[in-house]
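The chain contents come next:
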Amino acid sequence: MSIGKTHASNLVELLDRDALCGLLTQCGVESVAKFSDYELFRAFCGVWDLLDGHRQRKKCSYLLEQVLDLPQDISQKNCDRIWKESSTQLFFAKSLPEFSIESTCEVSPNCNKSYFTFKRLPRMDAVIYRCNSILRMRAPTWEAWREQVEQNLASFIAAPDAALYYRLPRSYTDRAPNPYLVGRIAPKRDRNKEERNLLHAQILRHLFSFCVREDRPLLLSASCKKADLEGLLKRLTAEIGTPRLICAPTDFHTMSAIAARSAQNTKISLGMDLREQRSEDLSAEFFCRIAENYPIGRLFLIPK
């Protein structure tokens, strides 16, 4: 993690405006592309407490303390003072000294088990309806199957704070929804892997549509391969739009891919499904790797 610029007029230029915009989007801040540099830094100060272990937090702390010799007591209250003092120094500086913060930012000061425990991370407090039972529904035709699904989902409207949950198994491989084929599968009692995969895709299409229409959160737990999950999300968001989606992959590399998507869309958040974890005692190193690239204070836990 090195700083290549030899001169900048403010901290946002040093921190990289595009990177900050992506980070704030991950934190749920909307319309960041329209922000001035000052507004962007003020928003960054506002989400500071969500960013323990994040590379942008470590980078900013290093810049203030080691390069500009300023206290790094960042908060909404101190934002204006830090902005003015750092901008004044940068304005009068002909150039910045050469420096690298790679070695100083390899390990977060909060990277330990006393901080990175499940108790410190936000849990879903909504009523959660688990929708995988839809997979077992049988009907004589596609139309009858679709009506059953819609009736099932309609029952959730009565609970205003309800969130819908769906789990994609490890065996899932991406398939495009196909009503004609679903109509042929719907009457069957026993379904093979390919038929179940097709039903998963069709059910999720209904869930996406319902959650977009009713503005309900969708909790998507996924232990399938990264390419299959990304293919599913790309197709459904292009066709339907994005619901308030908390995506909970079990694989770290898939988590990183979802984190990258969340930097482009405020409606996407990263989650962790406690049903899919063998133990709540995951290593501090695991959380540190997530926190480097995603606001750990926005990592939602889906309860068992």
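For clarity, every value in this text was computed on a predicted model and none was experimentally measured.

Visitor: What is the right way to read the environment of Met272 from this model?
Guide: On the secondary structure map, Met272 appears in strand S5 (residues 268-273). For Met272, a relative accessible area of 0% translates into the label buried. When the C-alpha positions of Met272 and Pro249 are compared, they lie 7.0 Å apart, and in sequence the two are 23 residues distant.

Visitor: Please clarify how the pairing of strand S4 (residues 244-249) should be interpreted in this entry.
Guide: Regular strands have side chains that alternate between both faces of the sheet. Extensive coverage of S4 is indicated by the burial of five of its six residues. Sheet topology note: the strand S3 (residues 217-222)/S4 ladder contains six bridges and is parallel. Each residue of the ladder has a partner; that of Ala222, found in S4, is Pro249. For the crossover from S3 across helix H9 (residues 226-239) to S4, the handedness is right-handed. Both S4 and S5 contribute to a ladder of three bridges, which runs parallel. Following the sheet pairing, Ile246 is matched in S5 by Ser269. As a crossover connection, the stretch from S4 through helix H10 (residues 252-262) into S5 is right-handed.

Visitor: What is the right way to read helix H8 (residues 193-214) from this model?
Guide: A turn of α-helix holds 3.6 residues, and therefore any two residues three or four places apart point the same way. Taking 1.5 Å of rise per residue, the 22 residues of H8 would be expected to cover 32 Å, and the 31 Å separating its terminal C-alpha atoms lies within 8% of that figure. The distance from a side-chain oxygen at the start of H8 to the backbone nitrogen of Glu194 is 3.1 Å, and the residue carrying that oxygen is Asn192. Positive phi appears at Asp215, one or two residues downstream of H8, with a value of about 55°.

Visitor: What am I meant to see in the packing of helix H3 (residues 37-46) against helix H5 (residues 79-92) here?
Guide: Packed helices, taken two at a time, are described by the angle between their axes plus the distance between the axes. For the pair H3 and H5, the least separation of the axes is 10 Å and the interaxial angle reads 130°. Accordingly, the angle class assigned to the pair H3 and H5 is oblique. Of the two elements, H3 crosses H5, and the hand of that crossing is right-handed. Residues Asp37, Tyr38, Phe41, Arg42 and Cys45 of H3 lie in contact with H5, whose contacting residues are Cys79, Asp80, Ile82 and Trp83. Split by residue class, the contact of H3 with H5 holds six nonpolar, no polar and three charged.

Visitor: Can you help me understand the pairing of S5 in this one?
Guide: Across the six residues that make up S5, a large majority, six, are buried. Going residue by residue along S5, you find Ile268, Leu270 and Met272 tucked away on one face and Ser269, Gly271 and Asp273 tucked away on the opposite face as well. Bridge analysis of S5 against strand S6 (residues 300-302) gives three bridges, and the strand direction is parallel. Looking at the pairing, Met272 lines up with Leu301 of S6.

Visitor: Sorry, what's going on with helix H4 (residues 55-67) here?
Guide: Within H4, ten of the 13 residues are buried, leaving the element largely enclosed by the surrounding structure. When we look at burial in H4, the residues that qualify are Gln56, Arg57, Lys58, Lys59, Cys60, Ser61, Tyr62, Leu63, Leu64 and Val67. Asp69 sits one or two positions beyond H4 and adopts a positive phi of about 55°.

Visitor: Help me out: how do you make sense of the environment of Asn10 in this one?
Guide: With respect to the secondary-structure elements, Asn10 resides in the segment before helix H1 (11-15). For Asn10 and Glu85, which are 75 residues apart along the polypeptide, the C-alpha to C-alpha distance reads 9.8 Å. Not counting the four nearest positions on each side in its chain, Asn10 is found in contact with Asp37, Trp83, Ser87 and Leu90. Engagement of the side chain of Asn10 in a polar contact is seen with the backbone nitrogen of Glu13, the distance being 3.0 Å.

Visitor: Help me understand the sheet that holds strand S1 (residues 128-130), please; the structure alone is not making it clear to me.
Guide: For sheets, the rule is that strands pair by backbone hydrogen bonds, running either parallel or antiparallel. Ordered by their spatial adjacency, six strands build an open sheet running S1-S2-S3-S4-S5-S6, and the pairing between neighbours is parallel. Every other strand in the sheet has two partners, leaving S1 and S6 as the edge strands with one partner each. When strand polarity is set aside, the average angle formed by the axes of neighbouring strands in this sheet is 30°. Docked against the sheet, H9 engages strand S2 (163-168), S3 and S4, running at close to 170° with respect to S4. On top of the sheet, H10 reaches S4 and S5; it is set at about 155° to S5, its chief contact.

Cut-offs applied
- Residues numbered from 1 in each chain as written.
- Predicted model: local features only at pLDDT ≥ 70, side-chain atom pairs only at ≥ 80, totals over all residues.
- Heavy atoms only, no water.
- Helix = DSSP H or I, 4+ residues; strand = E, 2+ residues; numbered from the N terminus.
- Buried < 20%, exposed > 50% of the residue type's maximum accessible area, 1.4 Å probe, protein only.
- Pairing = 2+ DSSP bridges.
- Right-handed = clockwise from strand over helix to strand, strands pointing away.
- Expected span 1.5 Å × (residues − 1).
- Polar contact = N/O pair within 3.5 Å; in protein donor to acceptor, adjacent residues only side chain to side chain.
- Axes fitted to C-alpha atoms, helices over the stretch in contact; angles between N-to-C directions.
- Parallel < 35°, antiparallel > 145°, perpendicular 65-115°, else oblique.
- Left-handed = near helix turned anticlockwise from the far one by under 90°.
- Contact = heavy atoms within 4.5 Å.
- Nonpolar A, V, L, I, M, F, W, Y, C, P; charged D, E, K, R; others polar.

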